[in-house]
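Below are the chains, spelled out letter by letter.
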Amino acid sequence: MYNHKLSSRTLLLPAILLLLLTSAAVFSEIEDADDLGDIDELIAIDDEQENGANSEPATANFETGKKSEVLSRAQRVVLELNTDGPKRTIEENEYVLVLGYAPWCGRSAELMPRFAEAANVLKGLGSRVLLAKIDGDRYSKAAASIEIKGFPTLLLFANGTSRPYTGGFSSEEIVLWTRKKTGAPVIGIRSVADANEYLKQHSTYAVGLFDKFEGPDYGEFVKAAVADNEVQFIETSSAEIAKVLYPVGTLTKPFFGLVKSEPEHYTSFDGHFSSDEILHFLENNKFPLVTVMTELNSAKVYSSTNKLQVYVFAEDDDLQKFLKPLQEIAKKFKSQMMFVAVDIKEDNLAKPFLSLFSLEDSEDSVVVSFDYNSNSKYLLESDITSRNIEEFCTGLVQGTLKPYFKSQTIPDNKNANILTVVGKTFDELVLNNPANIVLEVHTPWCITCETTSKHVQKLAKHFKGLDNLVFARIDASTNEHPKLQVEDYPTLLFYPANDKSNPTTLSTKSNLKDLAALINKILKTQEDATKDEL
Ligand SMILES: *[C@@H]1O[C@H](CO)[C@@H](O)[C@H](O)[C@H]1NC(C)=O
């Protein structure tokens, strides 16, 4: 048996891509060029903005602004930073959430109105956080001075010290995250009317019912509210209000429950009131039975700590059809794995995953899964039916699925000087081959692969006729094998005839003569060893 471990790099590829596409991480480097032409004063766009008297209680009463109002005022509550203001602004305000953007950057353009709307809602809620933006393209030095090095970047400064933004990217999620990290992690609902009003606008939240808003249980609840990045925590001491927000079961104090917008609506917490247990409970339960992946939630999906994940890729219509049966399956595997549905036509979302299976051009629906305990990936190779998906999930839980390794179709190597090895023939042509093997591992995109390839061709010619030495090559972008763990391309591996488990890496920087000499030396050593044994 080979160990079925993929290089973590292979599996983490989608993580990296998705995070690059969707998180607050750096999107593109700011160019060094800078135009510091006119030094403008820091301009407060919103002349009505009141300073001071902005202290917010640890829990704020729930309020909402009307959407149209919000949008019309939205652009005005974001402070625009430029050349000499930023550092002072972040140092003089307790909390500043800064958006670094570039006018030409599409993702910045998408984020800006949401950011502005969030700013307005936060202002309406009496939040003491200041929202500011800086054109990092125009004022690149100033932006760099406050750690903004790409677009879009979101950073929260607390007394001048930054932390990265880890929330979602809708205006609501920006508000939620920002309040969590700036001293207002919990919303207090004080009347049944407020509770009903809240329900009109929100379908996902967590409710805490406590006798008093103090003591260790309550402390842990608040601690969890701050640590979590995306679920709004609500608190009440009234059983009547709690019943409106969480209308099932008997609620005994202290109570904590999660409400979602899906079947499996209500989940109550039955653990010990510690923030770790509460967070663990949320992690296992906060996702819907089946999460439909979007640009907005992809970072969140990817950062999930669920170790087992099943993905269904299909065209939108089919996806809608799959959803119901999938939810039924998901119920059976609840808290064991996470189910994600992805529109196969959404290239940004689907391709990073599908390319791990060489299926990036697939027109048909695809079901795959990942086990992040063992870093393995799996492909459902039978027809996509409820029964087959369920069997696939059972296999995933029980660890009986066969991990997937990419392979091209088996080529004809007749009369070839250099054997072309694919995933499926790696065992036969490399590991079980009685000869010494020189294996060139290449990819189509690597720049220096061609030079190495030419060297290998010349070496193959030079050593032609030696039946204990075989030259071979494998395209690692489309072929995988558990025993082939290569991170750099090109790589030249020498597999000695007598020990295929320990290939020697030959330097691809060596010139042809040195390579030939090295191979000769290895063969000579082998011969001598064989003679000694005789
Ligand atoms: C910021 O500094 C002030 C004054 O020292 C302090 O009262 C406040 O707690 C600090 N806030 C944070 C978030 O560290």
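About the thresholds
Residues numbered from 1 in each chain as written. Predicted model: local features only at pLDDT ≥ 70, side-chain atom pairs only at ≥ 80, totals over all residues. Heavy atoms only, no water. UniProt positions renumbered as here; feature names shortened; annotations may be inferred. Helix = DSSP H or I, 4+ residues; strand = E, 2+ residues; numbered from the N terminus. Contact = heavy atoms within 4.5 Å. Areas by Shrake-Rupley, 256 points an atom, 1.4 Å probe, with all protein chains shown as cover. Core = buried A, V, L, I, M, F, W, Y, C linked by side-chain atoms within 4.5 Å. Buried < 20%, exposed > 50% of the residue type's maximum accessible area, 1.4 Å probe, protein only. Lys, Arg positive; Asp, Glu negative; His and termini not counted. Salt bridge = Lys/Arg side-chain N within 4 Å of Asp/Glu carboxyl O. Polar contact = N/O pair within 3.5 Å; in protein donor to acceptor, adjacent residues only side chain to side chain. Near = heavy atom within 4 Å. 1 Å grid on protein atoms, 1.4 Å probe; cavity = no way out; pocket = protein on both sides within 12 Å on 5 of 7 lines; lining within 4 Å. Points joined across faces, edges and corners; volume = space filled by probe spheres on them. Nonpolar A, V, L, I, M, F, W, Y, C, P; charged D, E, K, R; others polar. Domains from an automatic or database assignment. Pairing = 2+ DSSP bridges. Axes fitted to C-alpha atoms, helices over the stretch in contact; angles between N-to-C directions.

Looking at an unreviewed UniProt entry, one finds the protein named protein disulfide-isomerase, with Salvia splendens as its source organism. Regarding the protein, the relevant UniProt record gives this comment under Catalytic activity (unreviewed entry): "Catalyzes the rearrangement of -S-S- bonds in proteins."

*Asks:* Provide a residue-level description of the overall build of the protein, including the pertinent values.
*Replies:* Per the secondary structure count, the protein includes 17 helices and 21 strands. Excluding contacts between residues fewer than 6 apart, the proportion of contacts in the protein whose partners are at least 24 apart in sequence is 75%. By element, 50% of the accessible surface of the protein is carried by carbon and sulfur atoms, the whole surface being about 26,000 Å².

*Asks:* Please provide a residue-by-residue account of the nonpolar core, values included.
*Replies:* One broad trend across soluble globular proteins is that nonpolar side chains are buried collectively. Counting 23 residues, the largest nonpolar core has V290, M337, F339 and C393 as the members making the most contacts within it. Secondary-structure elements contributing two or more residues to this core are β13 (308-314), α12 (316-332), β14 (338-343) and α14 (386-398). The element best represented in this core is α12, accounting for 6 residues. In this structure V290 touches E262, L323, L326, Q327, A330, F339 and A341, once residues within four positions along its chain are discounted.

*Asks:* If you had to explain the side chain of K500 to someone new, which residues and values would you point to?
*Replies:* Assignment of secondary structure puts K500 in the loop between β20 (491-495) and β21 (504-506). Buried and without a salt bridge, K500 has D499 as its closest oppositely charged side chain, separated by 9.1 Å. In this structure the side chain of K500 is engaged in a polar contact, spanning 2.3 Å, whose partner is the backbone oxygen of N433. In this view, K500 contacts V430, L431, N433, P434, A435, I437 and Y495; residues no more than four positions away in its chain are not counted.

*Asks:* Any chance you could break down the site of the ligand for me, citing the residues and the numbers?
*Replies:* Taken together, the neighbourhood of the ligand is formed by E94, Y95 and N159. Between the ligand and E94, the relevant distance is 2.7 Å, taken from a nitrogen atom to a side-chain nitrogen or oxygen of the residue. A total of 360 Å² of accessible area belongs to the ligand in isolation, and the protein chains cover 33% of it.

*Asks:* An account of the pattern of salt bridges is needed here, citing residue identities and associated values.
*Replies:* Counted under the stated rule, the structure contains 17 salt bridges. With a shortest N-O distance of 3.4 Å, K331 and E328 are connected by a salt bridge. Taken as a pair, K331 and E328 lie in helix α12 at a separation of 3 residues, close to a single helical turn. Assessed through its relative accessible area of 42%, E328 is described here as partly exposed. Salt bridges sharing common partners tie together E230, E283 and K286.

*Asks:* Quick rundown of empty space enclosed by the protein? Include the residues and the values.
*Replies:* Empty pockets left among the atoms are what a rolling probe the size of a water molecule brings to light. A complete count under the given rule lists 2 cavities of 30 Å³ or more for this structure. If you add up the space inside the largest cavity, you get close to 150 Å³. Lining of the largest cavity is provided by 14 residues; of these, N284, F287, P288, S335 and M337 occupy positions nearest its centre. Every element with two or more residues in the lining of the largest cavity is listed here: α10 (275-285) and β14. With 3 residues, the single largest contributor to the lining of the largest cavity is α10. Grouping the amino acids of the lining of the largest cavity by side-chain chemistry returns 7 nonpolar, 4 polar and 3 charged. Each of two domains, domain 2 (186-285) and domain 3 (290-398), supplies a minimum of three residues to the lining of the largest cavity.

*Asks:* Lay out the sheet that holds strand β17 (residues 418-421) with the relevant residues and their values.
*Replies:* Strand order across the open sheet formed by 5 strands is β17-β19-β18-β20-β21, with mixed pairing between neighbours. Whereas interior strands pair on both sides, the edge strands pair on one side only; in this sheet they are β17 and β21. Neighbour to neighbour, the strand axes of the sheet diverge by 30° on average, direction disregarded. The sheet contact formed by β17 and strand β19 (residues 469-475) spans 4 bridges and is parallel. Each bridged residue has a counterpart across the sheet, and for L419 the counterpart in β19 is A472. Each of β17, β18 (436-442), β19 and β20 is contacted by helix α16 (residues 449-462), which is oriented at about 160° to β18, the strand it contacts most. Across the sheet, helix α17 (residues 512-533) touches β18, β19, β20 and β21, and the angle it forms with β20 is around 15°.

*Asks:* Can you break down the sheet that holds strand β4 (residues 129-135) residue by residue, with the values?
*Replies:* If you walk across this open sheet you meet the 5 strands as β2-β4-β3-β5-β6, and the pairing is mixed. Both edges of this open sheet fall to β2 (79-81) and β6 (161-164), since each of them pairs with a single strand only. Taking the axes of each pair of neighbouring strands and ignoring which way they run, one obtains an average angle of 30° across the sheet. Packing of helix α6 (residues 171-181) onto the sheet brings it into contact with β3 (95-101), β4, β5 (153-158) and β6, and relative to β3 it is tilted by some 140°.

*Asks:* Outline the pairing of β5, supporting the account with residue identities and numerical values.
*Replies:* The side chains of a regular strand alternate between both faces of the sheet. Taking burial as the measure, the 6 residues of β5 include 5 buried ones, the bulk of the element. With 6 bridges joining them, β3 and β5 adopt antiparallel strand pairing. Counted as the bridge partner of V96 is F157 from β5. The pairing of β5 with β6 spans 4 bridges and is antiparallel. From the neighbouring strand, L155 faces β6, where its bridge partner is P164. Hairpin remark: β5 followed by β6, antiparallel, with 2 residues in the connecting loop; positive phi at N159, about 50°.

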